[in-house]
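Each chain, letter by letter, is given below.
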Amino acid sequence: MYVVGRLRQQRGDPSGPTDVGLEPLWPNADEQVADEEQRLLSAVDTRTRELIEARRGTHGRSWLIRRWLVAADVIALTAAFLLAVGLTQNFERSAWVALAIFAASLGIWVAAAKLLGLYDRDDRGMDYSTVDDVLHVFLLVTVGALVLSLTTGYTDSSMARVLLFWGLGVTFVLGGRAAVRALSHKSRSYVQNTVIVGAGETGQLVARKLLQHPEYGINLVGFVDAEPKARRADLRDLVVLGGLEDLPEIVRVLGVERVIIAFLREDTAKTLELVRMLKNYEVHIDIVPRLFEVVGPNVDVHTLEGLPLLGLPTPKMSPSSRMLKRGLDIVGASVALVLTAPFFLVISLAIWWDTGGPILFRQVRLGGGMKEFTILKFRTMKQGTGDAEHREAVKSGLNGDAPEGSNGLYKAEQSHAVTRAGGWLRKTSLDELPQLINILRGEMSLVGPRPSLPYEVDHFAPHHFERFLVPAGLTGLWQVTARAQTSWAEALDMDVAYVRGWSFGLDFWLLCRTPFQAYRLKTR
């Protein structure tokens, strides 16, 4: 791994906030410091240098997305109000009075959205999307429409007008936010130059995950570590830019906006000093927690006399939650089977025309409580294909020895055994549709961990068995967030994370994201 030489900081303490920024790039710098900066710039890739040059003097992601979201909300609410009034009455005096009241209240709408966190969350989570806004937008527009109708007197004269405004408001606000996010992702201002502090196993794992998700708007610049581990093969040309003492200069010269602190060999005191120093810069700090293997997404942060404590909830689903989840599975699978019936017919004909029968593929899997069941899928491989290749891929993958395939995926390619129709079915995930029958039988759920093969458990780590505390699912956390771009071991960890953080809100979020994930994979 290429390591840039130590930066000799001869301009005094660079940790003050006045040193942040890229204009001018080398103010009053002596020749030696300029040479070191040039060497640092030459170590990064062309895209990073282009971003530094293009964004000099411009605002970053936070400034961009907040203002665009405010504008989208104001336009969406105004359009919904005008359309609701225009469709239900003429613009007479009462309508103009109502419009004046609405216009005067727009500032209150924006302030309420701010209090709900609707303008501040994009910067916190890399995978935040409009799906995560649904509940808060629904609450905002519902309460806002009720208050506005009482203020304008519309509750007495026309409830239809209120309901129309409410429906259009929710639709337009969510649609506007989705459009704004899609547009902002295409802007260079949205991309954040990012460094990872710690080039050990965890730091490199974080890097690999970021490289698999360009939609997060992260331009990974490199690592900061005095004692890096040998670079894994799937990290392309990422370099180690220096040690901890070099980080202030790296942030300044390379316009770093996000710093991810993974595990370091340095002691705790140095890590704390690093975090405190970074707070003087306009950078977003992410910290991979110690014991992250047991910290789920549903972790509860509380305090004891100001001392923060992380509460790990018991990964157990209550009987009432199981009953409600089962009820939703029955309704959802029944509706989905009716809606997808034409696909069953077309796919069956395509498989039969391509290779003849059988149409369905049956295989023994393990569901909730490690109970065996026969999973149903549309057949995508030639008849007589053995499982030896898959067994070896699972063994090496769960032992951490699996390399990235030539197709960029961490799974057995077996392209020689995949049929023509099967290749398309796998890419679009339509081969999974018959599992709706498994859901109706009670063998699976709409959302849950991937159904395991019996021989996979021979390679499980102890915590991986937590995935059997809930029913196996048609879709799940790893299918939505990573798909086959993740290794076997990482997929299992994400299944466990789903169990630890389970909630109906999480299931709803994953169900909403699943069609978009399938479309994204199809269009790659």
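Here the structure is shown first, and the text comes after it.
First things first, this report covers the structure right here in the doc.

Conventions we followed
- Residues numbered from 1 in each chain as written.
- Predicted model: local features only at pLDDT ≥ 70, side-chain atom pairs only at ≥ 80, totals over all residues.
- Heavy atoms only, no water.
- Helix = DSSP H or I, 4+ residues; strand = E, 2+ residues; numbered from the N terminus.
- Buried < 20%, exposed > 50% of the residue type's maximum accessible area, 1.4 Å probe, protein only.
- Contact = heavy atoms within 4.5 Å.
- Areas by Shrake-Rupley, 256 points an atom, 1.4 Å probe, with all protein chains shown as cover.
- Phe/Tyr/Trp six-rings, centres within 6.5 Å; stacked < 30°, edge-to-face > 60°.
- Lys NZ or Arg CZ within 6 Å of the ring centre and 35° of its normal.
- Pairing = 2+ DSSP bridges.
- Axes fitted to C-alpha atoms, helices over the stretch in contact; angles between N-to-C directions.
- Salt bridge = Lys/Arg side-chain N within 4 Å of Asp/Glu carboxyl O.

Observations concerning the overall build of the chain
Then, in step 1: A tally of helices and strands in the chain yields 17 helices and 11 strands.
Then, in step 2: Within the chain, the proportion of its 524 residues that are buried is 47%.
Then, in step 3: Here the analysis covers contacts within the chain between residues at least 6 apart in sequence; of these, 76% occur between residues at least 24 apart.
Then, in step 4: Element-wise, carbon and sulfur atoms account for 61% of the exposed surface of the chain, whose accessible area totals about 26200 Å².

Focus on the packing of aromatic side chains
Then, in step 1: Inspection of the entire model under this criterion finds 10 aromatic pairs.
Then, in step 2: Taking 4.5 Å as the distance between ring centres and 0 degrees as the angle between the ring planes, the aromatic pair formed by Phe81 and Phe102 counts as stacked. You can see Phe81 sitting in helix α3 (residues 61–88) and its partner Phe102 sitting in helix α4 (residues 93–115), a full 21 residues away along the chain. With respect to class, Phe81 is no different from Phe102; both count as buried.
Then, in step 3: In this structure an aromatic cluster arises from ring pairing among Phe81, Phe102, Trp109 and Phe165.
Then, in step 4: The ring of Tyr190 is capped by Arg61, whose NZ or CZ atom sits 4.0 Å from the centre of that ring.
Then, in step 5: Arg467 extends its terminal NZ or CZ atom over the ring of Phe468, reaching a point 5.4 Å from the ring centre.

Some thoughts on the sheet that holds strand β2 (residues 218–224)
Then, in step 1: Strand order in this open sheet of 5 strands is β3-β2-β1-β4-β5, and the pairing throughout is parallel. Of all the strands in the sheet, just β3 (239–240) and β5 (284–287) have a single pairing partner and so form its edges.
Then, in step 2: Relative to the sheet, helix α2 (residues 46–54) contacts β1 (192–197) and β2, its axis offset from that of β2 by approximately 110 degrees.
Then, in step 3: Helix α9 (residues 247–254) contacts β1 and β2 of the sheet and is inclined by roughly 165 degrees relative to β1.

Some remarks on the environment of Trp424
Then, in step 1: Among the secondary structure elements, Trp424 is positioned in helix α13 (residues 420–428).
Then, in step 2: For Trp424, a relative accessible area of 45% puts it in the partly exposed group.
Then, in step 3: Note: C-alpha distance between Trp424 and Thr380 (44 residues apart in sequence) is 8.8 Å.

Focus on the pattern of salt bridges
Then, in step 1: Counted according to the given criterion, the structure contains 18 salt bridges.
Then, in step 2: The salt bridge partner of Glu490 is Arg208, with a shortest N-O separation of 2.5 Å. Linking Glu490 in helix α16 (residues 488–500) with Arg208 in helix α8 (residues 201–211), this pair joins segments that are 282 residues apart in sequence. Summarising the burial analysis for this pair, Glu490 and Arg208 share the class buried.
Then, in step 3: Salt-bridge contacts for Arg252 lead to Glu249; the nearest nitrogen and oxygen are separated by 3.1 Å. Of the two residues, Arg252 and Glu249 both sit in helix α9, 3 residues apart, roughly one turn of that helix.

Read these as geometric descriptors, not functional statements.
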